Amino acid sequence: MSTPPAAENAVHILVFPYPAQGHMLPLLDLAHQLVLTHPNLILTLVVTPKNLPFLNPLLSAHPTNCINTLVLPFPHHPSLPPGVENVKDIGTHGNLGIINALGKLHDPILQWFNSQASPPPVAIISDFFLGWTHHLAQHLRIPRITFYSSGAFLTCLMDHLWLNPEEEAPLPSPVVSFPELPKAPSFKAEHLPSIFRFYRESNPDWAFVRECMIANTLSWGRVFNTLDALEGEYLDHLRSNQVSGRRRRRVWGVGPLNLPGGAESMNRGNPNPDSAALKVVMGWLDGCPDGSVVYVCFGSQKLLKPDQVEALASGLERSGIRFIWVMKAGTSTPDGIEHRVSERGKVIKGWAPQVLILSHRAVGGFLSHCGWNSVMEAVACGAMILGWPMEADQHVNATRLVDHLGAAVRVCEGSDAVPDPAELGRKIAEAMSEESPQRRRARELKDQALAALLPGGTSSRDLEALVQELLQLSHTLKTSLEIGA
């Protein structure tokens, strides 16, 4: 619980999450950490009405005026059905409309800012899908800090792609290379980030998205849910890279944000916890040997097709490995699987406490789509990822984990791929063996992640450096006001 600062000492920050679970939760975790780190910080979170419930755990953890809300009506966009305010309500194809709709909040936020009593916000921290807030910050004459719920490796790629779209779009070759980046990575064209592959220059909505992404490269600072041990060379690249003739230095890696300060105790992302079902699952895990269980989950958005579900079920059954499989509500369970594997497998329909399960001593692997939040949670818990990347940033993340760090294995790839059950079962069994070098590397990354969060660790230092920059902004603003008085 936080104690509100005296008004004369308060440092006010405007925080604007993007309304998708994978974006919103880590930024709320950052807000939680900022308030815990320094007692003088006051945060105002911008949110639309239907997204307000996502803030309840954070508001409950800080029942003072340290964290306030600015609730604004969700603007209309012709591509969005009435009532849609979050990506979970429409799917990832709705990102284009939501990004453009939220851009219409520029003037309402400007009006709110101008009506504020002391102290006014000294900075904006906003999601990287909200790049237009850079121009809002310029109008307000305050800095904008971009928050990335994705990794630094992805951001290096995205900066190049959005600043040089004529080189890559329409994609001229089946392989796209980035020789200027560390490790000179290359990707199949279909494995580039979805938001770039779908870009169409002639579409005004996509032109706005590109403007937002370019604005991110101009932001005053950048903060990432990542850590030096995972992406240090790409954080360093961003720190040293020259953009628009000036050297960028303000880049902070403060992750994993899901672990410190009791974030899990906030029941983040959990609308309706089923304590009885959870007790059954956790009790079953208690009876399993250390590292013997693979956790299977494909994030909050992906709904597997029936033939993919059948192949995955058969692969898990053939592997002989214990498992917990989280299925999205509405997914049909393959006939008989729960009965046939009842002693070594559990199926959860709907939401599951992912960090709690991954951190259990019995869980050794995580069959995942390689979304960045899942990557960071796996790293923090020491669970080796068995990757099935499908879309968005997932192929990039898999490349980092599998090819660069040797801390994961690929078991399939592609949103429409249907794995061979026998081959999938073999890959799962091999990856989960105690002799697996990837499992050993995953445990090493966990140790490095925990060390990064300790006092003096890389992420702890970067979080403190970010807070000190915010405090300095407040001091600079007060000094300028006193001089002008």
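Residues numbered from 1 in each chain as written. Predicted model: local features only at pLDDT ≥ 70, side-chain atom pairs only at ≥ 80, totals over all residues. Heavy atoms only, no water.

Visitor: Got a minute to help me understand the overall build of the chain in this structure?
Guide: Across its full length, the chain carries 19 helices and 17 strands. Of all 485 residues assigned to the chain, the portion counted as buried reaches 57%. Restricting the contact set of the chain to residue pairs at least 6 apart, pairs at least 24 apart contribute 71%. Of the roughly 19,600 Å² that the chain leaves accessible, carbon and sulfur atoms contribute 53%. (Helix = DSSP H or I, 4+ residues; strand = E, 2+ residues; numbered from the N terminus. Buried < 20%, exposed > 50% of the residue type's maximum accessible area, 1.4 Å probe, protein only. Contact = heavy atoms within 4.5 Å. Areas by Shrake-Rupley, 256 points an atom, 1.4 Å probe, with all protein chains shown as cover.)

Visitor: Just checking my understanding: could you explain the packing of helix α4 (residues 106-114) against helix α5 (residues 133-140) for this structure?
Guide: In a pair of packed helices, the angle between the axes and the distance between the axes together describe the arrangement. At a minimum axis distance of 11 Å, the contact between α4 and α5 shows a crossing angle of 30°. As judged from the angle between their axes, α4 and α5 are roughly parallel. The two elements α4 and α5 meet at a crossing, and its hand is right-handed. Every residue of α5 that contacts α4 at His106, Ile109, Leu110 and Phe113 is listed here: His135, Leu136, His139 and Leu140. Across the contact of α4 with α5, the residue classes tally to five nonpolar, three polar and no charged. (Axes fitted to C-alpha atoms, helices over the stretch in contact; angles between N-to-C directions. Parallel < 35°, antiparallel > 145°, perpendicular 65-115°, else oblique. Left-handed = near helix turned anticlockwise from the far one by under 90°. Nonpolar A, V, L, I, M, F, W, Y, C, P; charged D, E, K, R; others polar.)

Visitor: How do you make sense of the pattern of salt bridges when you look at a structure like this?
Guide: Summed over the entire model, instances satisfying the criterion amount to 16 salt bridges. Among the salt bridges present, the one from Glu317 reaches Arg340, with a minimum N-O distance of 2.8 Å. Here Glu317 is found in helix α12 (residues 306-319), whereas its partner Arg340 is found in helix α13 (residues 337-340), with 23 residues between them in sequence. Measuring nitrogen to oxygen at the nearest pair gives 2.4 Å for the salt bridge that ties Arg426 to Glu423. On the criterion of helical spacing, the pair formed by Arg426 and Glu423 is a turn pair, its members being three residues apart in helix α17 (residues 421-431). Owing to a relative accessible area of 37%, Arg426 belongs among the partly exposed residues under this scheme. A single network of salt bridges, built from pairs that share partners, joins Lys183, Glu233 and Arg400. (Salt bridge = Lys/Arg side-chain N within 4 Å of Asp/Glu carboxyl O.)

Visitor: I'm lost on the confidence of the model for the chain in this one. Help?
Guide: Detailed conclusions should not be drawn from predicted coordinates in areas where pLDDT is low. Within the chain, residue pLDDT values average 89, and 90% of them lie at 70 or more. Confidence over residues 260-265 falls short of pLDDT 50; this stretch has 14 contacts with residues more than four positions distant or in other chains. (pLDDT = per-residue confidence, 0-100.)

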